[in-house]
Amino acid sequence: DGGAKAVLLHQVSRRVTQQPFGKSKGRVEAVLFHPSRPYLFVATQRAVRMYDLVKQSLVKKLMPEVQWISSLAVHPGGDNLIVGSYDKRVVWFDLDLSTRPYKILRSHTLAVRAVAFHTSLPLFASASDDLGVQVFHGQVYSDLASNALLVPLKRIEAHVPSPSQLGALDCAWHPQQPWLFSCGADGAVHLYT
């Protein structure tokens, strides 16, 4: 509908709402805070912009080379980002390396609805309309000369087809345990241990 072009930040403690950047460059698909720096990631249909909230300026524009962004997640270390897309791809960015993708993963046959990093283990996952959740090993090294190691581990298919033609809608990791939750259009929520 062309709406959802503004990003509003709410500071609950001071009861203040701000619109720090004016209108966004396109429809906003997802917004995410950086885990340790005052950065905000704003995903529109084809790009992810990283803003500095203190300076209220654009830090960098990431080009994931997909047709339509559906979701994004930032690594707990803050230097890597994954982007899910409706055109069946999961895109990994190394924020220190480039504004172009480090790796494009094509492990789904239908739209990717959600991506998620584990907060303490080297794991990430993607949920898709193909009824599956793909689990990956994503090792990030503290040595800047070493690139991330990305390995597909397991594809989990637990959701059943729904009349709406949607599959797995979201996935989330337990904060400490290697447990993965997924929910689907079939109305089910599953826990994988």
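If you're wondering where the values come from, they're calculated on a predicted model, not measured in any experiment. (Residues numbered from 1 in each chain as written. Predicted model: local features only at pLDDT ≥ 70, side-chain atom pairs only at ≥ 80, totals over all residues. Heavy atoms only, no water.)

Engineer: Describe the sheet that holds strand E7 (residues 69-74), and please don't skip the residues or the numbers.
Structural biologist: Within the open sheet, the four strands sit side by side as E7-E8-E9-E10. Their pairing is antiparallel. At either margin of the open sheet sits one strand with a lone partner, and together these are E7 and strand E10 (103-105). Taken over all neighbouring pairs, the strand axes of this sheet differ in orientation by 20 degrees on average, direction set aside. In the sheet, E7 pairs with strand E8 (residues 80-85) via five bridges, with the strands oriented antiparallel. In the strand pairing of E8, Val 74 is matched with Leu 81. (Pairing = 2+ DSSP bridges. Helix = DSSP H or I, 4+ residues; strand = E, 2+ residues; numbered from the N terminus. Axes fitted to C-alpha atoms, helices over the stretch in contact; angles between N-to-C directions.)

Engineer: Explain the packing of aromatic side chains to me, and be specific about the residues and the numbers.
Structural biologist: Counting across every chain of the model gives five aromatic pairs. Judged by centre distance (6.4 Å) and plane angle (70 degrees), the ring pair of Trp 68 and Tyr 86 falls under edge-to-face. With Trp 68 in the loop between strand E6 (57-62) and E7 and Tyr 86 in the loop between E8 and strand E9 (90-94), the pair connects residues that are 18 residues apart, well separated along the chain. Aromatic side chains Trp 92 and Phe 117 sit 5.5 Å apart centroid to centroid with 75 degrees between the ring planes, which places their arrangement in the edge-to-face category. You can see Trp 92 sitting in strand E9 and its partner Phe 117 sitting in strand E11 (residues 112-117), a full 25 residues away along the chain. In terms of burial, Trp 92 and Phe 117 fall into one category: buried. Grouping aromatic residues by their ring pairs yields a cluster made of Trp 92, Phe 117, Phe 124 and Phe 136. (Phe/Tyr/Trp six-rings, centres within 6.5 Å; stacked < 30°, edge-to-face > 60°. Buried < 20%, exposed > 50% of the residue type's maximum accessible area, 1.4 Å probe, protein only.)

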